[in-house]
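Commentary on secondary and tertiary structure
Spelled out, the chains give:
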Amino acid sequence: MNAGLTLGPVRVDTPVVLAPMAGITNAAYRRLCLEQATADGGSSLFVCEMITSRGLVEGDATTRSMLVFDEREKIRSVQLYGTDPAYVGKATEILCADYGVSHVDLNFGCPVPKVTRKGGGAALPWKRNLLGEILRAAVGAASRYDVPVTMKTRMGIDPEHLTYLDAGRIAEESGVAAIALHGRTAIQGYSGVADWDAIARLVEHVSIPVLGNGDIWEAGDAIRMVEQTGAAGVVVGRGCLGRPWLFRDLAAAFARREGGEPFAAPTLPSLGEVSTTMRRHAELLCRHMGGEERGCKEFRKHVSWYLKGFRAGGELRHALALVSTLAELDGLLAELDPDERFPEVVLGEPRGRQGAPRKRVVLPEGWLDDTDGRGVVLREDADETTGG
């Protein structure tokens, strides 16, 4: 049975973490997901968009502007990216001291070429000693504020260069509170099927909690993952795009599991309920982004995800994707059929980016020559905001 998720002094009732996604998991979206998850009294962990340690330490305006939290966020969780132990340690201290952050997650899972070519993201765990230096710097800084540090990683660079078991051991030795594993390698990107067996192997390999990530499209997937792998919880990314109510379904599914009840498929929302959620999302974006023009513009990217599988015509979809005011949005949403049933055909389908496997992972010259990394000096871009 699963009794929530505990990371040091941080505890949530549902062992579910919202993965940080660039341009998606801002304060408005986190508030929307939080409202869904807590509708029946539950709680999950909602992580802010990833920021860079260098950007934070050097006072980059864009980085600072991303550190905005909703008044209902009692647990402030931030994912930090960095390749230099000194920068990561200082950035962690700033997050704890100046922003009242309750949880810091370190990203070692990004597969994007502009990150891996500098030795960052999913490439960095290949350098075992450098990984340890970064983790110890973050844990040392956060421990003074009693803030837990976790890390997210992938299985490795490619099938011939796996790193996740060593990364788990180093994380445990460094005082990391938990490790999340995306069951794909960097060369896979977001293609193919996540390897849940690798998550199970990591669970057996370490004594700290392991969170499973990859192919959680429905609440039932999360239950299957923890039962098949022994993971302490799950990390949900693309599965919640256009479906913030997934966190309500997850809370209900884990509550039933904890009570010894069998899994029950959640009630699917009608198009009317979906349109109400869309309106709420746009309203929150307008509030957190300082006005309707910017908020509605930011909302446009979510329209296709919300309406995936519904019969809404192309002309209406196009108009919604160009909406500029809440009044305009209200008029367009009124054209949707509120009684249309949720399209079950899209259940379990991948959402968001997927693509094909990469031909190769772009790495610094000589990166694979050794696994040490001690004394290696890497410099990430201050405005790097991708994920993994």
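Residues numbered from 1 in each chain as written. Predicted model: local features only at pLDDT ≥ 70, side-chain atom pairs only at ≥ 80, totals over all residues. Heavy atoms only, no water.

Focus: the packing of helix α1 (residues 27–37) against helix α11 (residues 271–288)
The cut-off we apply is this: Here an angle of 0 to 180 degrees is reported between the N-to-C directions of two axes, which are lines fitted to C-alpha atoms, with helices fitted over the stretch in contact. Working definition: helices are DSSP H or I runs of at least four residues, strands are E runs of at least two. Numbering for both runs from the N terminus. Each angle is binned into one of four classes, with values under 35 degrees roughly parallel, values over 145 roughly antiparallel, values of 65 to 115 roughly perpendicular, and all other values oblique. Should the near helix be turned anticlockwise from the far one by less than a right angle, the crossing is left-handed, and should it be turned clockwise, the crossing is right-handed. Whether two residues are in contact is decided by their heavy atoms, any of which lying within 4.5 Å being enough. When residues are sorted by character, Ala, Val, Leu, Ile, Met, Phe, Trp, Tyr, Cys and Pro go into the nonpolar class, Asp, Glu, Lys and Arg into the charged class, and all the rest, Gly among them, into the polar class.
Remark: α1 packs on α11, axes separated minimally by 8 Å, with the N-to-C direction vectors making an angle of 140°. The angle between the axes of α1 and α11 places the two elements in the oblique class. The handedness of the crossing between α1 and α11 comes out as right-handed. Together, Ala27, Ala28, Tyr29, Arg31, Leu32, Glu35 and Gln36 of α1 and Thr277, Arg280, His281, Leu284, Leu285, Arg287 and His288 of α11 make up the contact between the two elements. Partitioned by chemical class, the residues of the contact of α1 with α11 number 6 nonpolar, 4 polar and 4 charged.

A short note on the sheet that holds strand β12 (residues 233–236)
Quick note on the threshold: Between any two strands, pairing holds if DSSP finds at least two bridges.
Pairing in this closed barrel of 8 strands is parallel, and the strands run β3-β4-β5-β6-β7-β10-β11-β12 around the ring. The mean angle between the axes of side-by-side strands here comes to 30°, regardless of whether they run parallel or antiparallel. Relative to strand β4 (residues 45–52), strand β3 (residues 16–18) runs parallel, the two being bridged by 2 bridges. In the sheet register, Val17 faces β4, and the bridge partner there is Leu45. Here α1 sits on the sheet in contact with β3 and β4, set at roughly 165° to β4. Contacts from helix α4 (residues 85–99) reach β4, β5 (77–81) and β6 (103–108) within the one sheet, and its direction differs from that of β5 by about 165°.

Things to note about empty space enclosed by the protein
In plain terms, the rule: A pocket, in this scheme, is an open set of points on a 1 Å grid over the protein atoms alone with protein on both sides within 12 Å along at least 5 of 7 lines, while a cavity is a set where a 1.4 Å probe fits but cannot get out; residues line either one if an atom lies within 4 Å of a point. Grid points are joined across faces, edges and corners, and a volume is the space filled by probe spheres set on the points.
Here the structure, examined in full by the defined rule, presents 2 cavities of 30 Å³ or more. Of the volumes computed, that of the largest cavity is approximately 120 Å³. Contributing to the lining of the largest cavity are 17 residues, with Val17, Asp105, Thr150, Ala180 and Leu211 lying nearest its centre. Within the residue set of the lining of the largest cavity, elements represented by two or more residues are β4, β6, β7 (149–154) and β10 (178–182). When the residues that make up the lining of the largest cavity are grouped by side-chain class, the tally is 12 nonpolar, 3 polar and 2 charged.

Description of the packing of aromatic side chains
Where two aromatic rings form a pair, the distance of their centres and the angle of their planes describe that pair. Rule in force here: Aromatic rings from Phe, Tyr and Trp, taking only the six-membered ring of Trp, are treated as a pair when their centres fall within 6.5 Å; an angle between ring planes under 30 degrees marks them as stacked, one over 60 as edge-to-face, and anything in between as tilted. Exposure is judged per residue with a 1.4 Å probe applied to protein chains only, and the accessible area is read against the type maximum: over 50% gives exposed, under 20% gives buried, and values in between give partly exposed. Our definition puts a charge over a ring when NZ of Lys or CZ of Arg is within 6 Å of the ring centre and also within 35 degrees of the ring normal.
Tallied over the full model, the rule gives 5 aromatic pairs. When the centroid spacing of 6.5 Å and the interplanar angle of 40° are considered together, the rings of Trp245 and Tyr306 count as tilted. Of the two residues, Trp245 sits in the loop between β12 and α10 (246–258) while Tyr306 sits in helix α13 (residues 303–306), which places them 61 residues apart along the sequence. On the basis of relative accessibility, which here comes to 5%, the residue Trp245 falls in the buried class. Tyr306 gets classed as buried once you look at its relative accessible area, which sits at 2%. An angle of 85° between the planes, with centres 5.6 Å apart, marks the rings of Phe310 and Phe342 as edge-to-face. One end of the pair, Phe310, is in the loop between α13 and α14 (314–320); the other, Phe342, is in the segment after α15 (326–333), with 32 residues separating them in the sequence. Both residues of the pair, Phe310 and Phe342, count as buried. Aromatic rings pair up to connect Trp245, Phe299, Tyr306, Phe310 and Phe342 into one cluster. Directly above the aromatic system of Trp367 lies the positively charged group of Lys127, at a separation of 4.9 Å from the ring centroid.

Quick notes on the side chain of Thr14
Residue position: Thr14 is located in the loop between β2 (10–12) and β3. Classification of Thr14 as buried rests on a relative accessible area of 3%. When near neighbours in sequence (up to four residues on either side) are disregarded, Thr14 contacts Gly4, Ser43, Ser44, Leu250, Ala251 and Phe254.

Structural notes on the pairing of β12
What counts is decided by this rule: With its strands directed away from the observer, a crossover is right-handed exactly when the path from the first strand over the helix to the second travels clockwise.
With burial as the criterion, each face of β12 is covered, one bearing Gly233 and Val235 and the other bearing Val234 and Val236. The pairing of strand β11 (residues 210–213) with β12 spans 3 bridges and is parallel. Its bridge partner being in β12, Gly212 is matched across the sheet by Val234. Regarding topology, helix α9 (residues 219–229) serves as the crossover connection from β11 to the parallel β12, and that connection is right-handed.

Considering the environment of Ala178
Checked against the element boundaries, Ala178 lands in strand β10. Ala178 sits in the buried class, given a relative accessible area of 0%. Separated by 39 residues in the primary sequence, Ala178 and Trp217 place their C-alpha atoms 23 Å from one another. Sequence-distant contacts of Ala178, defined by excluding residues within four places in its chain, comprise Leu7, Val149, Thr150, Met151, Ile208 and Pro209.

Focus on the environment of Ala22
Looking at the element boundaries, Ala22 is found in the loop between β3 and α1. Taking the C-alpha atoms as reference points, Ala22 and Ile51, separated by 29 residues in sequence, lie 9.2 Å from one another.

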